[in-house]
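Here's the letter readout for the chains.
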Amino acid sequence: MRAMNKLFLVLTIVSITIAGCGSSNGGTGGQAGAGGSGGSGGEAGAGGEGGTGGSGPKCQTPQEMLRCDKVLNIAHGGGLLIRPAHTIVAYDQALEDGADMLELDIHETMDKVIVVMHDATLDRTTDCTGLIKEMTFAELSECDAGYHFDPDGDESYPYRDMGLVVPSLEEVLDRYPDTAVNIEIKQKEPSLVVNLVDLVREYEFEDKMIGASFSDDVLVELRTAAPEIATSLGEGESLDYWIKSNAEIDPEYVPPGEFLQFPVEYNLEGTIVPVLHDGLVPRVNELGMYIHMWTINDEEEMRWLIEVQGVHGIMTDNPPLLTKVINELAAGD
């Protein structure tokens with residue numbers, strides 16, 4: 001059944017693309033950002049109206065940053081090409097390198113501590129193994145979170161035995177009270193939504209964050225528990241919007257979230273499906289939404305997304321490179 005659903009999805013998207021609504025020029029990888037009415041792109045292309053930067057708010061607070069009239073530099077995992085992913089040293093470095101927002105993936109330990117980690121298991125990034133949800137936070141704290149980080153590919157592992165640990169979300173929120181965050185809920189079962197909402201409210205991050213998940217069901221749960229928290233669209237919701245955006249948007253359509261977070265293309269069982277098309281970003285703007293693209297590490301692709309497509313934010317593993325591009329294009333003014 002799952003394979004048939006994927007096939008149907010491929011055929012649906014490909015048929016729409018072939019019908020003439022397909023992708024815009026250039027670029028591979030990455031995802032759509034979240035932007036408001038005045039995109040950061042150039043005059044032409046799918047980005048529609050507005051030049052680079054604009055005359056919007058100064059965006060000094062995290063609340064302003066969520067909907068800033070500039071291109072947001074969103075540090076994916078804290079910038080995992082620069083420092084070990086989802087560690088305090090990564091977040092510190094990302095902010096020093098000009099990131100506007102931190103992207104955080106979360107899971108929950110057996111004793112109900114929410115931690116920041118991309119994978120459900122510890123194997124890929126630490127010297128431990130096993131599922132996070134089957135370990136206590138004390139056990140998790142013994143793991144070396146810099147163990148496998150090898151930025152030069154020479155097996156030097158410069159961050160081993162440096163004391164890097166998997167941080168709790170509480171530690172991150174406490175350390176960065178003036179930073180906007182994108183919190184992606186990776187764990188579906190058991191649900192951690194109630195615990196997350198309690199923590200976010202305790203640290204007064206309700207209006208400083210985007211709640212994200214691939215799961216529509218998780219996002220519905222989050223919106224129900226905390227309607228004051230802005231959210232992205234889930235995978236099914238994003239597909240629904242994507243199909244609708246190939247034509248004039250029905251005036252009755254109300255998007256379930258404020259932010260779209262897309263890759264530039266999807267690889268669906270070997271079929272490459274372009275995501276960006278000429279109507280995508282302009283219709284995001286019409287709806288007062290914002291669009292963020294992930295995960296973009298190529299300089300030319302960053303420029304294309306900003307100048308031609310007019311996206312509102314880019315998630316990157318390389319925040320200093322994106323800072324350089326944004327500054328050169330005056331897209332952060």
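See above for the structure.
Rules and cut-offs
Residues numbered from 1 in each chain as written. Predicted model: local features only at pLDDT ≥ 70, side-chain atom pairs only at ≥ 80, totals over all residues. Heavy atoms only, no water. Helix = DSSP H or I, 4+ residues; strand = E, 2+ residues; numbered from the N terminus. Buried < 20%, exposed > 50% of the residue type's maximum accessible area, 1.4 Å probe, protein only. Contact = heavy atoms within 4.5 Å. Areas by Shrake-Rupley, 256 points an atom, 1.4 Å probe, with all protein chains shown as cover. Axes fitted to C-alpha atoms, helices over the stretch in contact; angles between N-to-C directions. Parallel < 35°, antiparallel > 145°, perpendicular 65-115°, else oblique. Nonpolar A, V, L, I, M, F, W, Y, C, P; charged D, E, K, R; others polar. Arc of directions from axis to C-beta. Polar contact = N/O pair within 3.5 Å; in protein donor to acceptor, adjacent residues only side chain to side chain. Left-handed = near helix turned anticlockwise from the far one by under 90°. Pairing = 2+ DSSP bridges. Disulfide = S-S within 2.5 Å.

Visitor: Requested: an account of the overall build of the chain, with residues and values cited.
Guide: On a plain count of helices and strands, the chain comes out with eleven helices and eleven strands. When the 333 residues of the chain are sorted by exposure, 52% land in the buried category. Across the chain, every contact between residues at least 6 apart in sequence was considered, and the portion connecting residues at least 24 apart equals 66%. Surface accessibility of the chain: about 14,400 Å² in total, with carbon and sulfur atoms responsible for 51%.

Visitor: Quick one: what's the story with the packing of helix H7 (residues 216-225) against helix H8 (residues 235-244), residue by residue and with numbers?
Guide: One can describe the packing of H7 onto H8 by two numbers: an axis separation of 7 Å at closest approach and a directional angle of 100°. Between H7 and H8, the angle is such that the two are roughly perpendicular. Here Asp216, Leu219, Val220 and Arg223 of H7 lie close against H8, whose contacting residues are Glu235, Gly236 and Glu237. Considering only residue class, the contact of H7 with H8 consists of two nonpolar, one polar and four charged.

Visitor: Go over H8 with me, naming the residues and quoting the values.
Guide: The α-helix winds at 3.6 residues per turn, so residues separated by three or four positions along the chain end up facing the same way. Among the residues of H8, Glu237, Ser238, Tyr241 and Trp242 are the ones counted as buried. All buried residues of H8 fall inside an arc of 140° around its axis, so they share one side.

Visitor: Which residues make up the side chain of Asn246, and what are the values?
Guide: Among the secondary structure elements, Asn246 is positioned in the loop between H8 and strand S7 (259-263). Looking at Asn246, the relative accessible area reads 14%, which means it is buried. There is a polar contact of 2.7 Å between the side chain of Asn246 and the backbone oxygen of Trp242.

Visitor: Describe in detail the packing of helix H6 (residues 193-202) against H7, supporting the description with residues and values.
Guide: Remark: H6 packs on H7, axes separated minimally by 10 Å, with the N-to-C direction vectors making an angle of 45°. Classified by the angle their axes make, H6 and H7 are oblique. Handedness of the crossing formed by H6 with H7: right-handed. Facing H6, whose interface residues are Val193, Leu196, Val197 and Arg201, H7 presents Val218, Glu221, Leu222 and Ala225. Residue composition of the contact of H6 with H7, grouped by class: six nonpolar, no polar and two charged.

Visitor: Hey, could you go over the side chain of Asn73 for me, with residue numbers and the actual values?
Guide: Take Asn73: it is sitting in strand S1 (residues 72-76). Sequence-distant contacts of Asn73, that is, excluding residues within four places in its chain, are made with Gly98, Ala99, Asp100, Met101, Ile314, Thr316, Pro319, Leu322, Thr323 and Ile326.

Visitor: Help me get a handle on the pairing of S7, residues and values and all.
Guide: Each regular strand carries side chains that alternate between the two faces of the sheet. Counting buried residues along S7, five of its five residues qualify, which places the element largely inside the surrounding structure. Because side chains alternate across S7, one face comprises the buried residues Phe259, Gln261 and Pro263, and the other comprises Leu260 and Phe262, equally buried. Pairing analysis gives five bridges linking S7 to strand S10 (residues 290-294), with the strands arranged parallel. Bridge assignment links Pro263 to a residue of S10, and that residue is Trp294.

Visitor: Which residues make up the pairing of strand S11 (residues 313-316), and what are the values?
Guide: With burial as the criterion, each face of S11 is covered, one bearing Gly313 and Met315 and the other bearing Ile314 and Thr316. Note: S1 against S11, four bridges, orientation parallel. Bridge pairing in S11 places Ala75 opposite Thr316. Note: S10 against S11, two bridges, orientation parallel. Each residue of the ladder has a partner; that of His292, found in S11, is Gly313.

Visitor: Report on the state of the cysteines, specifying residues and quantitative values.
Guide: With the rule as written, the count across this model stands at two disulfides. Linked covalently through their sulfurs, Cys59 and Cys68 form a disulfide whose S-S length is 1.7 Å. What sets the handedness of the Cys59 and Cys68 disulfide is the S-S torsion sign, and at about 100° it is right-handed. The pair Cys59 / Cys68 is uniform in exposure class, with both members buried. Disulfide pairing is shown between Cys128 and Cys143; the S-S distance is 2.2 Å. Between Cys128 and Cys143, the S-S dihedral sits near -110°, and the bridge is therefore left-handed. Remark: Cys143 occurs in the loop between helix H4 (137-140) and helix H5 (169-175) and Cys128 occurs in the loop between strand S3 (114-116) and H4; sequence separation between them is 15 residues.

Visitor: How would you sum up unusual backbone geometry? Please name residues and give values.
Guide: With an omega of -10°, the peptide bond between Glu189 and Pro190 qualifies as cis. Mapped onto the elements, Pro190 comes out in the loop between strand S4 (180-185) and H6. Cis geometry marks the peptide bond from Trp294 to Thr295; its omega dihedral reads -25°. For Thr295, the position within the fold is in the loop between S10 and helix H10 (299-309). Despite not being glycine, His86 shows a phi value in the positive range, around 55°.

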